[in-house]
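# Descriptive analysis of the structure
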Amino acid sequence: MHNESPIKRRQSTRIYVGNVPIGDGAPIAVQSMTNTRTTDVDATVAQIKALEKVGADIVRVSVPTMDAAEAFKLIKQQVNVPLVADIHFDYRIALQVAEYGVDCLRINPGNIGREDRIRAVVDCARDKNIPIRIGVNGGSLEKDIQQKYGEPTPAALVESAMRHVDILDRLNFDQFKVSVKASDVFLAVESYRQLARQIAQPLHLGITEAGGARAGAVKSAVGLGMLLAEGIGDTLRISLAADPVEEIKVGFDILKSLRIRSRGINFIACPTCSRQEFDVIGTVNELEQRLEDITLPMDVSVIGCVVNGPGEAEVSHLGIAGGNRKSAFYEDGIRQKERFDNDNVIDQLEAKIRAKASILDVNNRINVTEK
Ligand code: SF4
């Protein structure tokens, strides 16, 4: 019901991570990373499936050793979501996971070492249509760049990234995306802005080591929000010291708040005050839990009284405005004759949301068929 986002996205080239398009106007892909031991295949597969269930488009898995590469082979056979292998220095691991069907290599060509080894990895990626992510991090810049700039600065991060970009350019390989992450919001934001002016490839956004679940989500939302509002960013990962499932949820919430990409229900809820006629906070918390399976975008307003209730309900797919003992119910902005008992709002609203999701789903399919 709310309008499309006014954000004009930066024009970038397109790569594919498995079947997921990145860049050139593709939906911004939300990714996370497993934090199990990769050699614990069962635990890693379970975590990847949990991430997929909450909407992860792509999952990154750390592959630090050849044993982990062998585990990666088994993991890859058991999941559907595209997998990125995180490799730091050892080019043999990159070649091995390429054999095992990896969908993207996160490796910095400048860290591989000898020229013949760099060529081996890039040629393999080209032959197998595997894109590469160059990932620069403010906390691990090359020594000479650290000495040149004295501290991590946007120019330092971009210079580091461009070293790796130049290597791929020289080898005529353009299927890559780049990240320039930092834990400081201003440093990360300015680095991405500068990089966005220098290359055409897609950008992978992130505020690295952002913190715990709450503070990290806020910091990520502020940093990524600034960039996304400027049209910068083609895929993102929220880095939280928390369950990776939270990273996916926060990532979608950020995109949802900017109306860039919606998944599931967008609850519009008032903060409550003494005027509320039913338990707004309890209702929203419970419905968020119960309705995680709904992936269709839908605006639902849950407002405690008539001060703001009707106004929000009129621009939502479904809405409830608190009233004395019974609350007004709105569908597609129109007040319905039916009213909800204030002591049973949760069940009644859940039923309405599920029914609405079915209708929207059918309409979507009809529209897709007609196109
Ligand atoms: S909408 Fe009503 S209940 Fe909710 S915060 Fe405002 S005045 Fe209070």
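Residues numbered from 1 in each chain as written. Predicted model: local features only at pLDDT ≥ 70, side-chain atom pairs only at ≥ 80, totals over all residues. Heavy atoms only, no water.

Under an unreviewed UniProt entry, the name given to the protein is 4-hydroxy-3-methylbut-2-en-1-yl diphosphate synthase (flavodoxin), and the organism recorded is Photobacterium aphoticum. Quoted verbatim from the Function (unreviewed entry) field of the UniProt record, the comment on the protein reads "Converts 2C-methyl-D-erythritol 2,4-cyclodiphosphate (ME-2,4cPP) into 1-hydroxy-2-methyl-2-(E)-butenyl 4-diphosphate." UniProt lists a comment for the protein under the heading Sequence similarities (unreviewed entry), and it reads "Belongs to the IspG family." (UniProt positions renumbered as here; feature names shortened; annotations may be inferred.)

What follows is about the UniProt feature "domain: IspG C-terminal" (unreviewed entry) in the protein. When the UniProt feature table is mapped to this numbering, "domain: IspG C-terminal" (unreviewed entry) covers residues 266–354. Helix makes up 29% of residues 266–354 and strand 31%, and the two end C-alpha atoms of the span are 14 Å apart. (Helix = DSSP H or I, 4+ residues; strand = E, 2+ residues; numbered from the N terminus.)

Attention now moves to the packing of aromatic side chains. Going through the model one piece at a time under the given rule, you end up with one aromatic pair. Ring plane angle 20 degrees and centroid distance 4.8 Å describe the contact between Phe329 and Phe340, whose orientation is recorded as stacked. In this pair, Phe329 sits in strand β14 (residues 326–331) while Phe340 sits in strand β15 (residues 334–341), placing the two residues eleven residues apart along the sequence. Summarising the burial analysis for this pair, Phe329 and Phe340 share the class buried. Positioned above the aromatic ring of Phe252 is the side chain of Arg263, whose terminal nitrogen or guanidinium carbon lies 5.7 Å from the ring centre. (Phe/Tyr/Trp six-rings, centres within 6.5 Å; stacked < 30°, edge-to-face > 60°. Buried < 20%, exposed > 50% of the residue type's maximum accessible area, 1.4 Å probe, protein only. Lys NZ or Arg CZ within 6 Å of the ring centre and 35° of its normal.)

Attention shifts here to the pattern of salt bridges. Side-chain pairs of opposite charge can arise where the charged atoms are in close proximity. Summed over the entire model, instances satisfying the criterion amount to 30 salt bridges. A salt bridge links Lys76 to Asp103; the nearest nitrogen and oxygen atoms lie 2.6 Å apart. In this pair, Lys76 sits in helix α2 (residues 66–78) while Asp103 sits in the loop between α3 (91–99) and β6 (104–106), placing the two residues 27 residues apart along the sequence. Among the salt bridges present, the one from Arg119 reaches Glu115, with a minimum N-O distance of 3.5 Å. Here Arg119 pairs with Glu115, and both are found in helix α4 (residues 115–127), just four residues apart, close to one helical turn. On the accessibility criterion, Arg119 (40% relative accessible area) is partly exposed. Overlapping salt bridges, with partners in common, bring together Glu286, Arg290, Asp293, Asp347, Glu350 and Arg354 in one network. (Salt bridge = Lys/Arg side-chain N within 4 Å of Asp/Glu carboxyl O.)

Okay, the site of the ligand next. Taken together, Cys270, Thr272, Cys273, Arg275, Gln276, Ile303, Gly304, Cys305, Val307 and Asn308 make up the full set of residues adjacent to the ligand. Broken down by class, the residue content of the shell around the ligand amounts to five nonpolar, four polar and one charged. (Near = heavy atom within 4 Å. Nonpolar A, V, L, I, M, F, W, Y, C, P; charged D, E, K, R; others polar.)

For the rest of this paragraph, the subject is the layout of surface pockets. Here the largest pocket defines a volume of roughly 600 Å³. Mapped onto the lining of the largest pocket, the elements with two or more residues apiece are α9 (244–257), β11 (265–269) and α10 (280–290). Residues of the lining of the largest pocket, tallied by class, amount to nine nonpolar, four polar and seven charged. The residue makeup of the lining of the largest pocket includes at least three contributed by each of domain 1 (15–257) and domain 2 (265–370). (1 Å grid on protein atoms, 1.4 Å probe; cavity = no way out; pocket = protein on both sides within 12 Å on 5 of 7 lines; lining within 4 Å. Points joined across faces, edges and corners; volume = space filled by probe spheres on them. Domains from an automatic or database assignment.)

With that out of the way, let us pick up the pairing of strand β8 (residues 176–181). Most of β8 is tucked away, with six of its six residues classed as buried. What you see with β8 is no split at all: Phe176, Val178 and Val180 on one side and Lys177, Ser179 and Lys181 on the other are buried throughout. Looking at chain direction, strand β7 (residues 132–137) and β8 are connected through six bridges and run parallel. By the bridge assignment for β8, Ile132 is matched with Phe176. (Pairing = 2+ DSSP bridges.)

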